[in-house]
Amino acid sequence: CIRDRYREHAKILTTFTYSLRDQLDSQDRLHTNYSQTSAYTGRLTSVSPNLQNIPKFDIRKCFIPSRGHRLVSLDFAQIELTIAAHLSRDPKLLDAFNRGLDIHTQTAQSIFPGQEVSAEFRGLAKRVNFGILYGIGAPGLSRYINKSIKECSQIINSFFDTYRSLSEHFEQVKAAGKENGYVSTILKRRIQLPDLYSESPRRRMAAERNAINAPIQGSASDIMKLSMIDID
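Residues numbered from 1 in each chain as written. Predicted model: local features only at pLDDT ≥ 70, side-chain atom pairs only at ≥ 80, totals over all residues. Heavy atoms only, no water.

Engineer: Account for unusual backbone geometry, naming residues and giving values.
Structural biologist: In this structure, Pro-49 follows Ser-48 across a cis peptide bond, with omega equal to 0°. Within the element layout of this structure, Pro-49 appears in the loop between strand S2 (45-47) and helix H2 (79-88). Residues other than glycine seldom take positive phi values, yet Ser-48 does so here, at roughly 50°. Relative to the helices and strands, Ser-48 is located in the loop between S2 and H2. Taking relative accessible area as the criterion, Ser-48 reaches 49% and is therefore assigned partly exposed. If you check the backbone angles, Gln-78 has positive phi at about 50° while not being a glycine. You can see Gln-78 is positioned in the loop between S2 and H2. (Helix = DSSP H or I, 4+ residues; strand = E, 2+ residues; numbered from the N terminus. Buried < 20%, exposed > 50% of the residue type's maximum accessible area, 1.4 Å probe, protein only.)

Engineer: Residue-level account of the environment of Arg-204, with values.
Structural biologist: If you trace the backbone, Arg-204 turns up in helix H9 (residues 201-231). For the pair formed by Arg-204 and Val-47, sequence separation is 157 residues and the distance between their alpha carbons is 28 Å. Setting aside residues no more than four positions away along its own chain, Arg-204 makes contact with Asp-195, Leu-196, Ser-198 and Glu-199. (Contact = heavy atoms within 4.5 Å.)

Engineer: Run through H2, naming residues and quoting values.
Structural biologist: In terms of burial, H2 is largely enclosed, as seven of its ten residues are buried. What H2 keeps buried is the set Ile-79, Glu-80, Leu-81, Ile-83, Ala-84, Ala-85 and Ser-88. Check the buried side of H2 and you find it contacts helix H3 (91-98), helix H4 (103-111), helix H5 (119-133), helix H8 (164-180) and H9. Arg-89, located one to two residues past H2, shows a positive phi value of around 55°.

Engineer: Now, about the layout of surface pockets: what can you tell me, with residues and values included?
Structural biologist: Summary: where empty space remains is shown by rolling a probe the size of a single water molecule over the atoms. Put simply, the largest pocket is a space of about 2,700 Å³. Every residue lining the largest pocket is counted, 47 residues in all, and those nearest its centre are Tyr-34, Leu-51, Gln-52, Asn-53 and Ser-73. Elements supplying a minimum of two residues to the lining of the largest pocket: helix H1 (2-22), H2, H5 and H9. Take the lining of the largest pocket: its biggest share by element is eight residues, from H9. Of the residues assigned to the lining of the largest pocket, the class counts are 26 nonpolar, ten polar and eleven charged. Of the pockets and cavities examined, the second largest pocket occupies roughly 470 Å³. Considering the residues around the second largest pocket, the lining is formed by 19 residues, among which Gly-135, Ile-136, Gly-137, Met-205 and Arg-209 are closest to the centre. For the lining of the second largest pocket, the secondary structure elements donating two or more residues are helix H6 (138-145), helix H7 (149-162), H8 and H9. (1 Å grid on protein atoms, 1.4 Å probe; cavity = no way out; pocket = protein on both sides within 12 Å on 5 of 7 lines; lining within 4 Å. Points joined across faces, edges and corners; volume = space filled by probe spheres on them. Nonpolar A, V, L, I, M, F, W, Y, C, P; charged D, E, K, R; others polar.)

Engineer: Explain H9 to me, using residue names and the numbers behind them.
Structural biologist: The end-to-end C-alpha separation of H9 is 44 Å, in line with the 45 Å expected for 31 residues at 1.5 Å each. Asn-213 marks where H9 bends most, by close to 40°; the proline Pro-215 follows one to four residues later. (Expected span 1.5 Å × (residues − 1). Bend = angle between axes of the 7 residues up to and from the residue.)

Laid out in structure tokens, this is it:
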């Protein structure tokens, strides 16, 4: 609708266009600041300005390298889902990756049975896949995909019926986190989660969600940093 389009374009102007323009140096260039310690999982964060969330609009065409240089984009496709498959040893996830199947399409077929997997359903399944990796519950998923809490509860149940080993893995990770006070990445880097012992139910539940996500996002971060060193 017009209101949504207005809100979308207003955000581009205020968050990106005007903000980035005000942070240009004397050569009309931007210089971000990367931190390895701002995010609890250890992933790189970008501030002043944040160049990690530039939307896929024409604004990206404004980023031009210096003369004699190039901008290079390198990424691992679905790295967090791949790591989740590796850590959980879930047969269906592993089979999908080994056979080169589209994991979002496979999830869509499972959580929307009998429906033709359109671009819309695949997009919903993609958000479900990544939302559940972040330990999202039915209320959070409801806000994320704009469906009722009851529908989202059924979707989550269908997801874990499909990927049973992943569900078991999440429970094991939470239990280990509560026992140790931390979780670990594939490379054994520890991520401390003291709120697993919090008397506040809200903080404790948030820490449990972090316990699910941290080994996945943290491992992805470790792999990405090592790859950046190798590329350099």
